[in-house]
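Each chain is listed here by its residues.
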Amino acid sequence: PEPTAGGVRRRRLGIMGGTFDPIHHGHLVAASEVAAEFALDEVIFVPTGQPWQKSDRQVSPAEDRYLMTVVATASNPRFTVSRVDIDRPGATYTVDTLRDLRRLHPDAELFFITGADAMGQILTWKDVDELWGLAHFVGVTRPGHDLSDMGLGDDVSLMEIPAMAISSTDCRERVRRGRPVWYLVPDGVVQYIAKHHLYVSEEETS
Ligand code: ATP
Ligand code: MG
């Protein structure tokens, strides 16, 4: 931990962005592992805003994704959920997320947590240099995605975490086919999905 000039340790905040449609144990393990490795005081989960246009599929309503994230993180005293992205109109850009959280937590050190696939996308963005100044980036391993051959700068850390071959895409597909998602997502999320009839048919989510 780096002390400030006054010797007071700065708060260390993890930021875990995602669509969380639904949140699953891969997300939670990633946040927990990075929190332990980097001595984070808090990890803020940030569900993305509602895309106004989607090429491939309809994303569940922001309020459902937000509430599932709250349910999934409620038992962990270091996990919180932010509405900054879902309350901001328009598509979510990581640079806006980081600017908002920097403004809300001016004295904190920010650690942006992403899986290998999302890190790969970030590196292709323009204005990527501005991102490095806003937070430290931590890329975690994810089955099926390779982090090792990316040309990463000094502001990016890579971390191996236990392999969780879980994706929201697979969870949605399982619910649609009547297959279980028990133990892939937290129990409360299984119950939330059933109660609100999420993912049962294409018509109902569109
Ligand atoms: P979808 O299949 O809908 O894309 P997803 O499972 O990839 O969903 P996202 O909400 O897109 O979940 O991911 C949010 C963040 O969590 C991303 O940085 C992603 O790389 C990371 N992540 C998701 N699943 C895992 C996993 N199993 N292990 C490590 N990181 C993960
Ligand atoms: Mg994804």
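Here the structure is shown first, and the text comes after it.
Scoring rules and cut-offs
- Residues numbered from 1 in each chain as written.
- Chains lettered and ligands numbered in written order.
- Predicted model: local features only at pLDDT ≥ 70, side-chain atom pairs only at ≥ 80, totals over all residues.
- Heavy atoms only, no water.
- Salt bridge = Lys/Arg side-chain N within 4 Å of Asp/Glu carboxyl O.
- Helix = DSSP H or I, 4+ residues; strand = E, 2+ residues; numbered from the N terminus.
- Buried < 20%, exposed > 50% of the residue type's maximum accessible area, 1.4 Å probe, protein only.
- Arc of directions from axis to C-beta.
- Phe/Tyr/Trp six-rings, centres within 6.5 Å; stacked < 30°, edge-to-face > 60°.
- Core = buried A, V, L, I, M, F, W, Y, C linked by side-chain atoms within 4.5 Å.
- Contact = heavy atoms within 4.5 Å.
- Axes fitted to C-alpha atoms, helices over the stretch in contact; angles between N-to-C directions.
- Parallel < 35°, antiparallel > 145°, perpendicular 65-115°, else oblique.
- Left-handed = near helix turned anticlockwise from the far one by under 90°.
- Nonpolar A, V, L, I, M, F, W, Y, C, P; charged D, E, K, R; others polar.
- Pairing = 2+ DSSP bridges.

Peer 1: Which residues make up the pattern of salt bridges, and what values do they have?
Peer 2: Taken as a whole and judged by the stated rule, the model has 14 salt bridges. One salt bridge connects Asp-41 with Arg-9, and the closest N-O pair in it is separated by 3.1 Å. Residue Asp-41 is found in the loop between helix H1 (25–37) and strand E2 (42–47), and its partner Arg-9 is found in the segment before strand E1 (12–18); the two are separated by 32 residues along the sequence. One salt bridge connects Arg-11 with Glu-42, and the closest N-O pair in it is separated by 2.7 Å. Of this pair, Arg-11 sits in the segment before E1 while Glu-42 sits in strand E2, placing them 31 residues apart in sequence. Using a relative accessible area of 41% as the deciding quantity, one classes Arg-11 as partly exposed. With a relative accessible area of 15%, Glu-42 lands in the buried category. Each of Asp-85, Arg-88, Asp-100 and Arg-103 takes part in a single network of salt bridges with overlapping partners.

Peer 1: Tell me about helix H7 (residues 168–176), and please be specific about residues and values.
Peer 2: The α-helix advances 3.6 residues per turn, and as a result positions three or four apart in sequence lie on the same side. Here H7 has its buried residues at Ser-168, Cys-171, Arg-172 and Val-175. Each buried residue of H7 sits inside an arc of 100° when the element is viewed along its axis, so together they form one side.

Peer 1: How would you sum up the packing of aromatic side chains? Please name residues and give values.
Peer 2: Summed over the entire model, instances satisfying the criterion amount to 6 aromatic pairs. Geometrically, the ring pair formed by Phe-38 and Phe-111 is tilted, given 5.7 Å between the ring centres and 50° between the ring planes. Placement of the pair is Phe-38 in the loop between H1 and E2 and Phe-111 in strand E4 (residues 109–115), with a sequence separation of 73 residues. When its relative accessible area of 16% is taken as the criterion, Phe-38 is described as buried. With centroids separated by 6.4 Å and ring planes inclined at 40°, the aromatic side chains of Trp-182 and Tyr-183 adopt a geometry described as tilted. Exposure remark for Tyr-183: the relative accessible area of 67% places this residue in the exposed category. One aromatic cluster is present, formed by Phe-20, Phe-45 and Phe-79 through successive ring pairs.

Peer 1: For the nonpolar core, give the residues involved together with the corresponding values.
Peer 2: Core analysis: the largest hydrophobic core is formed by 33 residues, its most contacted members being Met-16, Ile-23, Val-34, Leu-40, Val-43, Phe-45 and Met-68. Put simply, the parts of the chain that give this core at least two residues each are H1, E2, helix H2 (62–73), E4, strand E5 (136–140), H7 and helix H8 (187–195). The biggest single contributor to this core is H1, with 5 residues. Among all residues touching Met-68, those that are not within four sequence positions of it are Phe-20, Asp-21, Pro-22, Ile-23, Val-189, Tyr-192, Ile-193, Leu-198 and Tyr-199. Counting residues in hydrophobic clusters, the runner-up holds 21 residues, among them Leu-13, Ile-15, Leu-98 and Leu-101.

Peer 1: Run through the packing of H2 against H8, naming residues and quoting values.
Peer 2: The axes of two packed helices give the description: the angle between them and the distance between them. Close contact between H2 and H8 brings their axes to 8 Å; oriented N to C, the two are set at 150°. The orientation of H2 relative to H8 falls into the category roughly antiparallel. H8 is crossed by H2, and the crossing has right-handed handedness. Judged by residue contacts, Glu-63, Asp-64, Leu-67, Met-68, Val-71 and Ala-72 of H2 engage Gly-188, Val-189, Tyr-192 and Ile-193 from H8. Split by residue class, the contact of H2 with H8 holds 7 nonpolar, 1 polar and 2 charged.

Peer 1: Could you give an account of the pairing of E1, naming the residues involved and the relevant values?
Peer 2: Among the 7 residues of E1, 6 are classified as buried, and the element is accordingly described as predominantly covered. Bridge count for E1 against E4 is 5 bridges, and the pairing is parallel. Within the sheet, the bridge partner assigned to Gly-14 lies in E4 and is Phe-111. Note: E1 against E2, 6 bridges, orientation parallel.

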